[in-house]
Amino acid sequence: MKLLRKPTATQPPISKSEQLLFSGTLRHDKTWAQHADPLLRMSFWSMARQFPTMLTVIARIAWREDPRALAVLVGAQVVSGVMTAFLLVSINQVLVALFSNGPTSDKLWDALPALLSGGAASSASVLLGCLIVKVEARLYPKIELACGSAYYEMMSRVEMAAMEDKDIQRKLAAGINGTDSVRRMLDSSVWVVSGLMSLTAAAVVLASLHPLLVGALALIAAPRWWGAVVVMRRAYASRHAWIDHARAVDVLIYPITRADATPELRVHGAGRVLVHAQKDMGATAAKEKERLGTAEAVTEIIAATMSGTARVLAYALLWWLLVSGGMPLAAAGTAVFAIRNATGYLNTVVNQMNQMFEESLYLTDMNNAIKLGKDHAIPVGGAPVPGTGVDVVLRDVSFRYPGADKDALVGVSLTIPPGKVVALVGENGSGKTTLAALVAGLYLPTGGTVSYNGVEVRDADRESVFDRVALLSQSVQAWPMTVKANVHIGDGGRPLVQEDVEAAAERADVRTIVEELPHGWDSIAIKGFERGTKLSGGQWQRVGVARALYRGRALNIVDEPTAALDPRAEIEMFESLHELTDDGATSVLLITHRLAATASADIIYVLHEGRLIESGSHGDLMAIKDGHYRGLYELQASQYAAEADGATKVPTQRR
Ligand SMILES: Nc1ncnc2c1ncn2[C@@H]1O[C@H](COP(=O)(O)OP(=O)(O)OP(=O)(O)O)[C@@H](O)[C@H]1O
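The protein chain carries the name ABC transporter in an unreviewed UniProt entry, which gives Streptomyces albireticuli as its organism. Word for word, the UniProt comment on the protein chain under Subcellular location (unreviewed entry) is "Cell membrane".

Now the structure itself:
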């Protein structure tokens, strides 16, 4: 009887691996928690009441994408339902003819027209089924694509600060499960609608034979419905409880299949840990599946017993009607056929409706994510940034990351004039990258202002802010596409021009490297693909430079650009950054720990614990006795022996 109780979210037992790798049981996903309670309370009738609303939602989306296909689909289903009714009527006529008095040959001739029309109805149903398959193949991908595009388009426009908020992030990420839900719901609704039509046809035929038979049909159906709802609710409760467990296993084993899997997987034996965890945690999950399977079997037995009893009662009713003369033998034969068909349709309707409800939860997640994304999207419009160059001014800027308990930047005021190289220096965590992100317009300050040519970023058309900036960071984004496309993506808004890609690559000193690859510019920068290749860290850094040069904007924000470069390449890189400003309009905001490279910057800003503590040229800062910059510089310089000519660029020898 325990199995018949209202299902609840089960608490997963902790496997050894779960304890070892996650220090306890995995937290339940809140998105699922939101659904679980209403779902567990949901009855079949409340589901049935919501069915028309769901149908309207998916029909509206399908209509928007391909009205013709939807019209054909609905039309084909209606005709298919009519064919089912027609088939049952034909069967009845055949049976009436066969059970009448007279010689067998006459009876067969009498039954022939109904036999032929029944056969025609059957063939028509088959053809309509084929038509439905064809139309579905045309409509479904369009719907899936439309939902996926709407979701990804919105996600790509969400403010960075919102993306980093854990609650927002969780809801945004949950939406991805709904991108193919409309397609699945439409698929299920096709089955539900055609099942309902066939069911109605069978019920109408049964009612015409004897009204009591419709009641018998309802009695046969009810336990099946009950069983399906109980099984579905139990599965939901379980899924709700195990969702993080399942996600953790997926995330754990993902690196094992990647061609560029980390060397630690092999050398450190991390692969063994992961495989063992997958087995161990998988075994715990399998126990839950077994529990569900046993419970489902018990529910099925109860539902089948009750439904079978109702069926026996229905046949007893038919028997009584026959014996008492209330129904001719032919009608009873049709009734048996109709009851058999109707119970099949019923099972389909119930199962597919359950499926639709499951998908509707995912669809709700997706719609909520899109709405949330809209609420936190980078605003469209605003004041355009005037002029061509960029004069950036920060006034009393403070910034705190979402969820952080202290400011990453406090009261920073500085300028980045056009045509200058401006260096940002400071210890790890002093706020350099944060400041650069604010300058780029990726975050809005929580206090103070950042302005471009006199227009505050907060009020500016953010597109026009982004349009002035080229980014180059230490970890160059390695997109899984060709090397050529990896350069072009720096300015994806304009068509790819091969000469421009090559010119940028030439300046970034990467052209010969790329052209010597087996597939040259068409090499795909990820292993495991056709034409796949792997670039070294330094080569990627140069591709990143080529990307920024190809973009060619007024303000270049460069964060630790030389971390992966050899000494010669490092010097060339710093020189070429300086050359960028030769036009007097292009500026460079350079973040680096290589203080030898900052010596030639026009302005150096020194950050410490989020505050601007010193600024000026290298000479100005070195002149400050006990100055922070001077201290850092001398510390670094003390690690290297200076070149004989006094150049401080190339570290040559460790002390
Ligand atoms: N996305 C983030 N969310 C929350 N805190 C962050 C985030 N990024 C950085 N921080 C915190 O903000 C502070 C400044 O970090 P930031 O990355 O700007 O320092 P940095 O000077 O660039 O450091 P490094 O030299 O190590 O690159 C640090 O305390 C860091 O932990």
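Visitor: Honestly, the sheet that holds strand E3 (residues 421-425) in this entry has me stumped. Any pointers?
Guide: Backbone-to-backbone hydrogen bonds pair the strands of a sheet. The strands run either parallel or antiparallel. Reading across the sheet, the 6 strands line up as E6-E7-E8-E3-E9-E10 and stay open at both edges, with mixed pairing between neighbours. The sheet is open, and its two edges are formed by strand E6 (469-472) and strand E10 (611-616), each paired on a single side. Averaged over all pairs of adjacent strands, the angle between their axes in this sheet comes to 20°, without regard to strand direction. Sheet topology note: the strand E7 (residues 555-559)/strand E8 (residues 587-591) ladder contains 5 bridges and is parallel.

Visitor: Explanation requested: unusual backbone geometry in the structure shown.
Guide: At Asn453, a residue that is not glycine, the phi angle is positive and equals roughly 45°. Turning to its location among the elements, Asn453 is positioned in the loop between strand E4 (447-452) and strand E5 (455-456). With a phi close to 65°, Asp509 is a non-glycine residue in the positive phi region. Position of Asp509 among the secondary structure elements: in the loop between helix H16 (498-507) and helix H17 (511-515). By C-beta crowding, Asp509 is classed as partly exposed, having 17 other C-beta atoms within 10 Å.

Visitor: Is there a simple way to explain the packing of helix H11 (residues 270-323) against helix H12 (residues 329-375) in this structure?
Guide: If you want to describe how two helices pack, look at the angle between their axes and the distance between the axes. At a minimum axis distance of 10 Å, the contact between H11 and H12 shows a crossing angle of 170°. Taken together, H11 and H12 sit at an angle that is classed as roughly antiparallel. Each of Ala314, Leu318 and Leu322 in H11 lies in contact with H12, whose residues at this interface are Leu329, Ala332, Ala335 and Ile339. Class assignment of the residues belonging to the contact of H11 with H12 gives a composition of 7 nonpolar, no polar and no charged.

Analysis parameters
Within any chain, residue numbers begin from 1 and follow the written order of that chain's sequence. In view of the model being predicted, local features appear only for residues whose pLDDT reaches at least 70, and side-chain atom pairs are presented and counted only at 80 or more, with totals across whole chains, interfaces and linings using the full set of residues. UniProt positions are given in the numbering used here, feature names are shortened, and annotations may be inferred rather than shown by experiment. Two strands form a pair only when DSSP identifies at least two bridges running between them. Secondary structure elements are taken from DSSP: a helix is a run of H or I of four residues or more, a strand is a run of E of two residues or more, and numbering for both begins at the N terminus. Axis geometry follows a simple rule: fit a line to the C-alpha atoms, using only the stretch in contact for helices, then measure angles between N-to-C directions, giving values from 0 to 180 degrees. Exposure classification rests on a simple neighbour count of other C-beta atoms within 10 Å of a residue's own: a residue reaching 20 or more is buried, one at 12 or fewer is exposed, and one in between is partly exposed. C-beta atoms are placed from the backbone. In these notes the angle categories are as follows: under 35 degrees is roughly parallel, over 145 is roughly antiparallel, 65 to 115 is roughly perpendicular, and the rest is oblique. Contacts here follow a simple rule: the backbone-placed C-beta atoms of the two residues must lie within 7 Å. Basically, the charged four are Asp, Glu, Lys and Arg, the nonpolar ten are Ala, Val, Leu, Ile, Met, Phe, Trp, Tyr, Cys and Pro, and anything else, Gly included, counts as polar.

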